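Fold and contact review
Chain by chain, the residues run as shown.
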Amino acid sequence: MSRTPPTTAAQEPATLRRAVEHIEAHAGEALTLGEIARTARASPRAVQYAFRRYRGTTPTGYLRRVRLEGAHRDLVRGDPTTGDTVAAIAARWGFAKAGRFSALYAAAYGRPPSHTLRQ
């Protein structure tokens, strides 16, 4: 049985590329699957299928990852002595609940976001 080689971004359908670009440009905003699909010029189901097939995740899973990566960058660069807080950074990246953000962050990075901010 032969395996299909992984696709590159250039091989992904335009629908998926448009959805990814929209998510990455607006990750800190309140995004819905419907909005992502409209921007991608496809149905929500088609966007979900494209993410599953080519990225191995869902649109909301990809959005969560982009948000976590952005928050991580801000935490690394942040300075608690100048007023940067985990809650403010989490909110900037679209996480409404700081506790939920902390749990997701710890699962992804192996430590609480407060430790990253203090380093």
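Described in the following lines is the structure provided in the data block.

The helix and strand inventory of the protein chain stands at seven helices and zero strands. Seen along its three principal axes, the alpha-carbon backbone of the protein chain occupies a region of about 50 × 35 × 20 Å. Relative to its 119 residues, the protein chain shows a buried fraction of 34%. A sequence separation of at least 24 residues applies to 57% of the contacts in the protein chain between residues at least 6 apart. Within the protein chain, one finds 19 positive and 9 negative side-chain charges whose respective centroids are separated by 9 Å.

In total, this model carries three salt bridges according to the counting rule given. Where glutamate 12 meets arginine 55, a salt bridge forms, and the shortest distance between an N and an O atom there is 2.8 Å. Taken together, the residues glutamate 12 in the segment before α1 (14-25) and arginine 55 in helix α3 (residues 44-55) connect sequence positions 43 residues apart. For glutamate 12, a relative accessible area of 5% gives the class buried.

Quick look at the packing of helix α2 (residues 33-40) against α3 now. At a closest axis distance of 8 Å, the pairing of α2 and α3 adopts a crossing angle of 85°. Between α2 and α3, the angle falls in the class roughly perpendicular. The segment α2 lies against α3, with Leu33, Ile36, Ala37 and Ala40 engaging Pro44, Val47 and Gln48. In terms of residue class, the contact of α2 with α3 is made up of six nonpolar, one polar and no charged.

Another point: the nonpolar core. Residues Ile23, Val47, Phe51, Leu75, Phe95 and Phe101 are the most contacted members of the largest nonpolar core, which totals 27 residues. Contributing elements (two or more residues each) for this core: α1, α2, α3, α4 (59-77), α5 (86-92) and α6 (98-109). Per-element accounting of this core gives the leading share, six residues, to α4. Excluding anything up to four places from it in sequence, phenylalanine 101 contacts Leu68, Ala71, Leu75, Val86, Ala90, Phe95 and Pro113.

A separate point is the packing of aromatic side chains. Tallying each qualifying case throughout the model produces four aromatic pairs. Their ring planes at 45° and their centres at 5.6 Å tell us that phenylalanine 51 and tyrosine 62 sit as a pair that is tilted. Remark: tyrosine 62 occurs in helix α4 and phenylalanine 51 occurs in helix α3; sequence separation between them is 11 residues. As far as burial versus exposure is concerned, phenylalanine 51 and tyrosine 62 are alike and both buried. Of the aromatic side chains, those joined through ring pairs into one cluster are Phe95, Phe101, Tyr105 and Tyr109.

Reading the values: rules and limits
Residues numbered from 1 in each chain as written. Predicted model: local features only at pLDDT ≥ 70, side-chain atom pairs only at ≥ 80, totals over all residues. Heavy atoms only, no water. Helix = DSSP H or I, 4+ residues; strand = E, 2+ residues; numbered from the N terminus. Buried < 20%, exposed > 50% of the residue type's maximum accessible area, 1.4 Å probe, protein only. Contact = heavy atoms within 4.5 Å. Lys, Arg positive; Asp, Glu negative; His and termini not counted. Charge placed at Lys NZ, Arg CZ, Asp CG, Glu CD. Salt bridge = Lys/Arg side-chain N within 4 Å of Asp/Glu carboxyl O. Axes fitted to C-alpha atoms, helices over the stretch in contact; angles between N-to-C directions. Parallel < 35°, antiparallel > 145°, perpendicular 65-115°, else oblique. Nonpolar A, V, L, I, M, F, W, Y, C, P; charged D, E, K, R; others polar. Core = buried A, V, L, I, M, F, W, Y, C linked by side-chain atoms within 4.5 Å. Phe/Tyr/Trp six-rings, centres within 6.5 Å; stacked < 30°, edge-to-face > 60°.

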